[in-house]
Each structure stands twice: as C-alpha cells, then as structure tokens.
Amino acid sequence: MKHPKIPLAQTVIQLCKAKNIQHIVLSPGSRNAPLTIGFTHDPFFKCYSIVDERCAAFFALGIAQQIKHPVAVVCTSGSALLNYYPAVSEAYYSHVPLVVLSADRPKYLVGIGDGQTINQENVFKNHIQYSANLKQDLNPENQNAFAEDLPIMKSIENKIERFLGLQQGIQQYNETEINKAFNIAITTQGPVHVNIPFDEPLYQMVDALTVTPEVVPIPKKNIVRENYNAFAEIWNNSKKKLVLVGVLAPNSVEQHFIDVLAEDDSVLILTESTSNLHHDNICPSIDKLIGALSEQELQGLQPEILLTFGGLIVSKKIKKFLRTHKPAQHWHVAENGANDTFFVLNKVFKQSINSFFQAFIPLTKALKSDYNPFWKNQMAIRREKHLQYMGLIPFSDFKVFDVLLKSIPNYTQLQVGNSSAIRYTQLFDINPTLDVFCNRGTSGIDGSTSTAIGASITRDNPTVFITGDLSFFYDSNALWNNYIPNNFRIIVINNEGGGIFRILPGHKNTDNFDYFFETKHHLTAKQLCGMYGFEYTTASSENELSVALSDFYNTSKTPKLLEVFTPSRTNDDILLDYFKFVK
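Residues numbered from 1 in each chain as written. Predicted model: local features only at pLDDT ≥ 70, side-chain atom pairs only at ≥ 80, totals over all residues. Heavy atoms only, no water.

**What to know about the sheet that holds strand S14 (residues 413–416)**
Applicable threshold: When DSSP finds two or more bridges between a pair of strands, those strands are recorded as paired. To qualify as a helix, a DSSP run of H or I must reach at least 4 residues; to qualify as a strand, a run of E must reach at least 2; elements of each kind are numbered from the N terminus. Note on geometry: axes are C-alpha line fits, over the in-contact stretch for helices, and angles between N-to-C directions span 0 to 180 degrees. The contact criterion used is simple: two residues touch if any of their non-hydrogen atoms lie within 4.5 Å.
Ordered by their spatial adjacency, 6 strands build an open sheet running S15-S14-S16-S17-S19-S18, and the pairing between neighbours is parallel. Looking at strand neighbours, the two that pair on one side only are strand S15 (435–437) and strand S18 (535–539), the edges of this open sheet. Between one strand axis and the next, the sheet turns through 20° on average, direction left out of account. Relative to strand S19 (residues 560–565), strand S17 (residues 488–494) runs parallel, the two being bridged by 6 bridges. Paired with Ile491 across the strands is Leu562, a residue of S19. Strands S14 and S15 of the sheet are contacted by helix H3 (residues 53–67), whose axis makes an angle of about 135° with S14. Lying on the sheet, helix H13 (residues 397–407) is in contact with S14, strand S16 (463–468), S17 and S19; it crosses S17 at an angle near 165°.

**With respect to the pairing of strand S10 (residues 267–270)**
Counted only if it meets this: The buried label goes to any residue with under 20% of its type's maximum accessible area, the exposed label to any with over 50%, and the partly exposed label to all in between, with areas taken from a 1.4 Å probe on protein chains only. For the handedness criterion, the strands are oriented away from the viewer, and a crossover whose path from the first strand over the helix to the second runs clockwise is classed as right-handed.
Along S10, one buried face is formed by Val267 and Ile269 and the opposite face, lined by Leu268 and Leu270, is buried too. The pairing of strand S9 (residues 241–245) with S10 spans 4 bridges and is parallel. Across the sheet, Leu244 pairs through a bridge with Leu270, a residue of S10. Remark: the S9/helix H7 (residues 255–262)/S10 crossover connection has right-handed handedness.

**Concerning the packing of H3 against helix H4 (residues 85–94)**
To describe two helices that pack against each other, one gives the angle between their axes and the distance between the axes. What counts here: Any angle that is under 35 degrees is reported as roughly parallel, and any over 145 degrees as roughly antiparallel; angles of 65 to 115 degrees are reported as roughly perpendicular and all others as oblique. Each residue gets one of three labels, nonpolar for Ala, Val, Leu, Ile, Met, Phe, Trp, Tyr, Cys and Pro, charged for Asp, Glu, Lys and Arg, and polar for the others, Gly among them.
Where H3 meets H4, the axes come as close as 8 Å, and the angle between the chain directions of the two elements is 25°. Considering the angle they form, H3 stands roughly parallel to H4. When H3 is examined against H4, the residues Arg54, Ala57, Phe58 and Leu61 are found in contact with a partner set consisting of Pro86, Ala87, Glu90 and Ala91. A class-by-class count of the residues in the contact of H3 with H4 yields 6 nonpolar, no polar and 2 charged.

**Topic: unusual backbone geometry**
Residue Pro201 is reached from Glu200 by a cis peptide bond, and omega for that bond is 5°. Tracing the chain through its elements places Pro201 in the loop between strand S7 (192–197) and strand S8 (205–206). Although it is not a glycine, Asn276 adopts a positive phi angle of roughly 55°. Within the element layout of this structure, Asn276 appears in the loop between S10 and helix H8 (286–290). A residue is classified by how much of its surface remains accessible, and Asn276, at 10% relative accessible area, is buried. The phi dihedral of Phe343 is positive, around 65°, even though this residue is not glycine. Positionally, Phe343 belongs in the loop between strand S12 (329–333) and strand S13 (347–349).

**Description of the packing of aromatic side chains**
Spelled out, the test is: We call Phe, Tyr and Trp rings a pair once their centres come within 6.5 Å, taking the six-membered ring for Trp, and we label the pair stacked below 30 degrees between planes, edge-to-face above 60, and tilted otherwise. A ring is considered to have a charge above it if a Lys NZ or an Arg CZ atom is located within 6 Å of its centre and within 35 degrees of its normal.
In the structure shown here, the tally under the stated rule is 31 aromatic pairs. Centre to centre, the rings of Tyr48 and Tyr483 are 5.1 Å apart; their planes meet at 85°, and the pair counts as edge-to-face. Placement of Tyr48 in strand S3 (residues 46–49) and of Tyr483 in the loop between helix H16 (469–474) and S17 is noted, with a sequence separation of 435 residues between them. Residue classification places Tyr483 among the partly exposed positions, given a relative accessible area of 26%. One Lys or Arg, Lys347, reaches over the ring of Phe349 and ends 5.2 Å from the middle of that ring.

**Quick notes on the confidence of the model for the chain**
Our working rule: The pLDDT value expresses, per residue, how confident the predictor is, ranging between 0 and 100.
Of all residues in the chain, 94% have pLDDT values of 70 or greater, and the mean over the chain is 93. Counting contacts from residues 148–154, a segment whose pLDDT is below 50, to residues more than four positions away or on other chains yields 8 contacts.

**Some thoughts on the pattern of salt bridges**
Any two side chains of opposite charge can pair if their charged atoms end up close together. Heads up, the condition is: Any Lys or Arg side-chain nitrogen located within 4 Å of an Asp or Glu carboxyl oxygen qualifies as a salt bridge.
All told, the structure shown has 12 salt bridges when counted by the stated rule. Across the pair Glu297 and Lys583 runs a salt bridge, and its minimum N-O distance is 3.0 Å. Taken together, the residues Glu297 in helix H9 (residues 295–301) and Lys583 in the segment after helix H21 (568–582) connect sequence positions 286 residues apart. Residue classification places Lys583 among the partly exposed positions, given a relative accessible area of 41%. Connected through shared salt-bridge partners, Lys288, Arg383 and Asp429 make up one network.

Quick look at the structure:
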C-alpha cells in the first residue's frame, strides 16, 4: 500500500483510522496532496471527491448528522478553507462532529506574498470546539524551515543529533494535538480544526510507514452526581409544567420516559417537527396552538416550570411567549451546556436526557390538573379547524405542503430546507414513521441541499428533501456530486422569490421590496436537472401535483426532482389568515 512520504501526513491519517474517522470528503488541491494520497490509497477510508468546498463541508455535515461520529473534510491552502465556514458554524451550533483538515504552507511562506496563502491558524476561533495548529516536519534538505537552529550545528554529528531531537519533539507535539482534537470532536459532538503545514515536495510516496503515532484514548465521561430531590419537590408541587423539545435525532429519548410525562395532567409537552418525538398527548404544532391566543389565554398557558431539552427551537411565537410570560423555573438538560433562550434559565443538568429522566422521574408524581387536558382539548379544536381551512384555500404554498406531507412514504428520511419550508412543515402533524432533519444551528439557506445529499448516502431507505426556490438555487452546486443515490428526491416549491419576506412586516408589492427583499426571479430547475442527470417533473395546480406524485416515489434509475410552482402574491395572506381561522 502506498503512503505519503511526509511523516505529518502519515500521522494524521493513522490517527483518523485509530479514531474510526472513516468518511473523508476531499476537495482537489496541491497543498493537501499528501493527505489525499494517503486517504485514497487506504481501503479503510470511504473517500468522496467534491470540488466546491462549501458543498463538500455541508455534505460531510449531513453524513456526520446521521452517523453521530466525526467526518473529515480535507482542503488545500488559502481561501478554500474559508468556504468551510458556513458548515463549521452550523456544526458548532447543531453539535455535529465535523473535522476540518486544512493543508497550509510552512510558516516561512506565510505573509510574504505567496499565492493561495492566508492566515489559517485559528481561523474558526469563534465557532470551533478546538483548533490544533500543527508544526511542520523538519526537512534536512530545506534549511529555511529551521534556519534559527543552524548556528549551533557545528559538526555533522551535532547537526544530525539536533535534527533528530527537534523532529522527535515536533512529532510528539503533533500527535498530542491531533489526538486532543479528534477526542474533543467525539466527546463534544462538535467541530474541530486541524491546520497542517506541508512543504514541498508534496507528491512523494513510500511503501512503508515511517512513524507510528501514539493513540490517546477517548476520555471517559464524568459521572454526574446531582441532588435531584430539591428539584423533584418543586416539580411535585407545580400544576403547570411545560416541556419544550427542540431538535432531536430520532430515538434519542427512551419512549417510556415520554409516556410517563405525557400521561401526567400537570405536564404539557410541546414539540416541533424536528423533535422526532410522538405521543397522542403531545402537541406537535406549537404555532398552530398558540398562534392567535389572547393575553388572557397566554396567561393561562404560562407555566410554573419550563423543562427543555434538544437543540434550537424554530418557533418565534413560543420564544416571544416565554420571554414575556416567564416561568418561575427553567431547567435545561444537555451534556454540552445550554442557551438562555428565554432569559430565565436557572438550572442546567449536564448529562444525557435519558440519564436525567432515569434519575429524576422515579422521584416525581403525577398531579391532578386541568393544564394538559385543557390545552390538549384546544389542540383538538385547532386540528379540526386546520382540516377545515385546508379544504377552503386555493392552490398555494400552504396547500402544497398539505399534499406533500401526506404523500411521503412511511420510513422515509425527510430533510427540510430553512426559511418558509420548515415553518410550513411545523404546522402539520408529521407521520411518526418519518425521521425529520433541518439545519437549525444557524438556520441558513446556504447548505441544505448538500446536507440532505450527505445524509442520504448513509441510509438504504429513501430521502426526500423539501426546499424553497432561493435555498435550492443558492446551493445548486450541491448537485455537482457523484454520490447521489437513485432514491433521493428533491421537491422545490418555486414561488419566484423569498416568500417568507412577504409574511414579515414590511412594504410589500413595491419595486423596492420585490427587487431587494423578495428577490423576484423567473428561474427554474429544469436545466440543472438536465445537466446533473435528475428526472425532472413540474406541477402548477393541485391536480397536476397529485398526478406528479403518483409515481414520484417509485423506484428509478436516477434521482428525481419535482418543481412545484405557486402564486407568490397570495401565499402570505393565506398563511396569515390561517392563524385567525384556527383560533
């Protein structure tokens, strides 16, 4: 088997293997050639070649999102590294273990005007769990690399001894830093950056490894020892307890814990589509429930205790409600800290959700209360109103989501784009067999398609990605990808612009609004599908949509894209009127 000649490249690759970092997403370049050579010649690794670094990083994020283990992205020096930043920030806020391996020029070539050179060290410092800035291997043929040491090398013997000693110290330092970075990615489920300086020659190979790096074990998790009794006493004396669940991977919480909470009349559980939790007593559509409540009704909903777990919350309405109608207690459960989203956080249980419930629930008791029954009844009324409204509205974004979400086959992975797409999805009761994902760390539209494609390659069952037009065209290079499975489906709702801005306060229907906010366009996905080998279908009415969906999910020899055209000028009124109707 061929290996890169450079010891540092060998060290990085061997430690990736030792930490079972198997998925490697490579972007072409010369400075990263030692890493590319090593990864691609070792059958242990599953290597992917993606030209666009922004797409490559989100593709890797999608894989890591699913396998919950670090995935590495590898790039050359210069601005290539900066294209990773959107995905790195998403990984940081969504707690996804992304490992950035950036090749760099040696220090003596940085800051002197060399091409494809930037200050790469600590470039992600505000959005990274750890930055490891490695040291360049010494090369006896290149005196520039260690010129400061030359004066003391009086003889050949001293020179060799000094060189070997310096190189050994560098090797030990690099091994320590790489181990630390990889272990942090695993334990924190977050992104890390390893910056790796290489000097030329870059393409030399050897048949045998010349270094055997030390593998530092992953630190064991600390056993949390909390005194839950005081919190259980508060819980047991509160008749209005709200459990709010953010982004969660499917099967994250043992169902019997949810069953206990959901059967307690004093507990109301609010979830979102991305929570992936299901129970008959759960209220899964927050905005449907609270979208048009009066002040008196909001006071009735105000909890004494707010218990939160999971990732970030989509609903702006629930954030506004809890910031203005604060609970007396807000407790959050998370292994890696918490956000004080509602400005009243007073306890963080730094442990897994299941370990918390295992210790806490036996100390609790169900209380008689009208809190859950009342709001469960309100939810039932709104569900009935929801069905009535769906039967009244014309073809629009809202109607399209109603049809689409009913059409998706059981046990499909559903990836949802940001902006309007996830907000419409939130208003529906989701098929409990679906696994739902959305990049809610930074809530950007920039990498949703790439993420969905990366996620799709980890599963045998189909993946459906629903997105808006601006998000899709923004990330259109995502389709420049040789790994898209044939059972991957994209549904683009094309309302010719950023329809979400029509819902927000502003002066609509002006030239200024259309051009600078809604960014009106007349683009379609047809040419992209032809270029990238997608089967392309369109729909512009409810009947056409039903016909298009009749065989859209059937087995095919290529991935498919369905583009649904909706009238942009009516979507906002239909959505805003919905909240008045379901009240």
